[in-house]
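Each chain is listed here by its residues.
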Amino acid sequence: MIKIILFLVIICGSFSTFAQNKKVVYKYKEYEKFDLGDLEIKGSIIAPNDISVKSRRRKIFERKLLKRDDFNKKIIEEIKFLR
Amino acid sequence: MKYFLTIIFMTQFCIQVGIAKETKLDRLYKKSLQHFKEKDYFTALDLIAHRYKYVTPDQNIQHYIETLVAHTGTHYFNTFSDLELRKLNIPTTDLIMAKRNLYLSKFRYVHKRLKRIPKGHRLYSEALLVKGTAYLMNKEYSKSLKIYKQCSDVAYGWEKRTENKQKNYFAVLKESCIINIARIHYMQKNYELAIRNYEDIPKKSFKWPYTLLEKAWAYYYIGNYNRSLGILLTYNSPLLESYFTPEAEVLKALSYFKLCLYEDALTVIDKYYTTYAPRSSQLKKVIRGQNSKDLYYFNLMFSPLVHSEKENKFLRTLITQMSKRIKYNLDLNSFYKMNEEIYRANKGANVKLLLRMQRDLKEQINHYVKVSTYKFINEIHSLSSEMFNLKLEILSRKRDLAYKNKTFKNNRSRGNFNNITREKHQEFWTFKSAFWADELGDYSLGLSSTCKTRRIRQ
């Protein structure tokens, strides 16, 4: 008897939980009105009125020209030329 | 008792061997001395030095070997290993070892070896030159300056005391030390001081033409491009034709470039490509064709200048430059002395040994000339890339001017006296009844810099 009662309680419990997971459908406003004239943005206009290109400094590629920092090689060479 | 007898026997045996050894060495010494008296220095040296490769000689023998080396030159020891040189323990071998260590950048051992050379020794000034260089390479500049100064003083003392070839040797040593002092100032960017020291080299010295290029570099870095160009023009003199150096051409082009005289710079560059580079390539061909010939470079030094000039103009330049170097002259001197010894053929002279020694020396000279020749050719080719770089830079600058719609404010002119900067001790020379070569090395151009630009009007 106790077994039958317990079985019935479980079945009833499961039905109640299924009843709680009801499918909800969210819908966005189907119609909304924007008054663009009423919108105000704070700031200043920086774009030029006419079309212009800012002059750019031309990249100068300087080549490494011959440098003579020391004469160390010559000094050693001269010692070799002595004897 | 048995043991006692064995010990006595062993001791006697050792003494006997010792005596035998001593007598053998004594005999060798006497034999060598006999050759020395007969002026067969090379035979005498080979006899004694060969014996002491593995045993350090006593002071008397060391002194004797030093005397022999004064006659034969040091080239005999060039083929000795470090270990063999160390055993001989004489100033000559110490100097050779110090130099070997210098080339390997083992400066500690350079000083260790040089410390042993006595102050009164004829090689002391050369030892000071090596010592100063060791300090320089180790970036101890103040010590290096001090040693070079000492070197020039010591060499000057010997120059006054000696004559002929020896005098020239000490003069070259003295000048080498002074030039190295100038080079240290140059390296430390004290260009004025460097120029002062370069000016201490007399114009008659064989080292003088080489200092011109270095002095021109110093003026270039000061910004005195006119003086730099003037000095370099000295190489155009017929007297200095054989001192042609490709680096001078690059510096000439660079100086014109710095004055914004692009057309002049381009002329120098074009001349380099049309005259010097092909001439160098031709020299390479001539040499490669003869390379397989035995001792070709040695024989080249003895061929008539007219003949070598006909083959290639640079060949004459090279031969003249090399024939003036101390090493070549010392080796040649030894070569002739060896010849004398061979032809004299004294009793007991080992002609086979002498011929072998002479062959060794010939090979050393051959190698030295070969290395110098290839260095010269390589220098011309490596510097031609520098010239190409400069040409590109000039073309790039010219293009930039065109893009900016600009041109140089002033045109190229013949120059003006106002553009010449002079030191207090320098003056304009009138050349009234003066030798025309007096002014060599003291020229200056008076070109105006054309670097200021202006906008081109449409």
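### A look at the overall build of chain A
On a plain count of helices and strands, chain A comes out with two helices and zero strands. In chain A, buried positions account for 2% of the 83 residues.

### Structural notes on the overall build of chain B
Each helix and strand counted, chain B has 19 helices and two strands in total. Scaling as 2.2 N^0.38, a compact globule of 458 residues should have a C-alpha radius of gyration of about 23 Å, whereas chain B reaches 29 Å, well beyond that. Projected onto its principal axes, the C-alpha coordinates of chain B cover approximately 125 × 50 × 50 Å. Within chain B, contacts between residues separated by at least 24 positions form 63% of all contacts whose residues are at least 6 apart in sequence.

### A closer look at the interface of chain B and chain A
Taken together, the contact pairs 27 residues of chain B with 16 residues of chain A. Every element with two or more residues in the side of chain B that touches chain A is listed here: α5 (91-103), α7 (124-137), α9 (164-187), α11 (208-222), α13 (246-258), α18 (326-344) and α19 (351-403) of chain B. Looking at the side of chain B that touches chain A residue by residue, the class counts come to 13 nonpolar, six polar and eight charged.

### Looking at the packing of helix α2 (residues 41-51) of chain B against helix α3 (residues 59-72) of chain B
Residues and elements named next belong to chain B. Close contact between α2 and α3 brings their axes to 9 Å; oriented N to C, the two are set at 145°. Crossing hand, α2 versus α3: left-handed. Mapping the contact onto sequence places Y41, F42, A44, L45, I48 and A49 in α2 and I61, Y64, I65, L68, H71 and T72 in α3. Grouping the amino acids of the contact of α2 with α3 by side-chain chemistry returns ten nonpolar, two polar and no charged.

### Quick look at unusual backbone geometry
All names here are of chain B. Positive phi is not limited to glycine here, since K39 has a value of about 65°. Counting through the fold element by element, K39 comes out in the loop between α1 (2-37) and α2. For N164, which is not glycine, the phi torsion reads 50° and is therefore positive. Looking at the element boundaries, N164 is found in helix α9. The exposed category is assigned to N164, around which 7 C-beta atoms lie within 10 Å.

### As for the environment of L36(A)
Positionally, L36(A) belongs in the loop between α1 (2-20) and α2 (72-80). Here the alpha-carbon distance between L36(A) and F71(A), two residues 35 residues apart in the chain, equals 78 Å.

### Here we look at the domain arrangement of chain B
Interface size is commonly expressed as the accessible surface area that is lost when the partners come together. All names here are of chain B. For chain B, the domain assignment lists domain 1 (1-89) and domain 2 (249-411 + 441-458). Computed over C-alpha atoms only, the centres of domain 1 and domain 2 are separated by 47 Å. In this complex, domain 1 contributes ten residues to the contact, which on the side of domain 2 involves 15 residues. Of the residues contributing to the side of domain 1 that touches domain 2, the split by class is one nonpolar, six polar and three charged.

### Thoughts on the confidence of the model for chain B
Mean pLDDT over chain B stands at 86; residues scoring 70 or higher make up 93%. Across the assembled chains, the prediction reports ipTM 0.84 with pTM 0.80.

### Some words on the environment of E423(B)
As for its placement among the helices and strands, E423(B) is situated in the loop between β1 (406-408) and β2 (453-455). When the C-alpha positions of E423(B) and N164(B) are compared, they lie 36 Å apart, and in sequence the two are 259 residues distant.

### Topic: the nonpolar core
Residue and element names in this part refer to chain B. Counting residues in hydrophobic clusters, the biggest one holds 107 residues, and the most contacted among them are I48, I65, A216, A253 and A265. If one sorts the elements of this core by residue count, α9 sits on top with twelve residues. Residue-level mapping places this core at the junction of two domains, with at least three residues from each of domain 1 (1-89) and domain 2 (249-411 + 441-458). Beyond its immediate stretch of four places on either side in the chain, A253 contacts A265, V268, I269, M387 and L390.

Analysis parameters
Residues numbered from 1 in each chain as written. Chains lettered and ligands numbered in written order. Predicted model: local features only at pLDDT ≥ 70, side-chain atom pairs only at ≥ 80, totals over all residues. Helix = DSSP H or I, 4+ residues; strand = E, 2+ residues; numbered from the N terminus. Buried ≥ 20, exposed ≤ 12 C-beta atoms within 10 Å, placed from the backbone. Rg over C-alpha atoms; globule rule 2.2 N^0.38 Å. Contact = placed C-beta atoms within 7 Å. Nonpolar A, V, L, I, M, F, W, Y, C, P; charged D, E, K, R; others polar. Axes fitted to C-alpha atoms, helices over the stretch in contact; angles between N-to-C directions. Left-handed = near helix turned anticlockwise from the far one by under 90°. Domains from an automatic or database assignment. pLDDT = per-residue confidence, 0-100. Core = buried A, V, L, I, M, F, W, Y, C linked by C-beta atoms within 7 Å.

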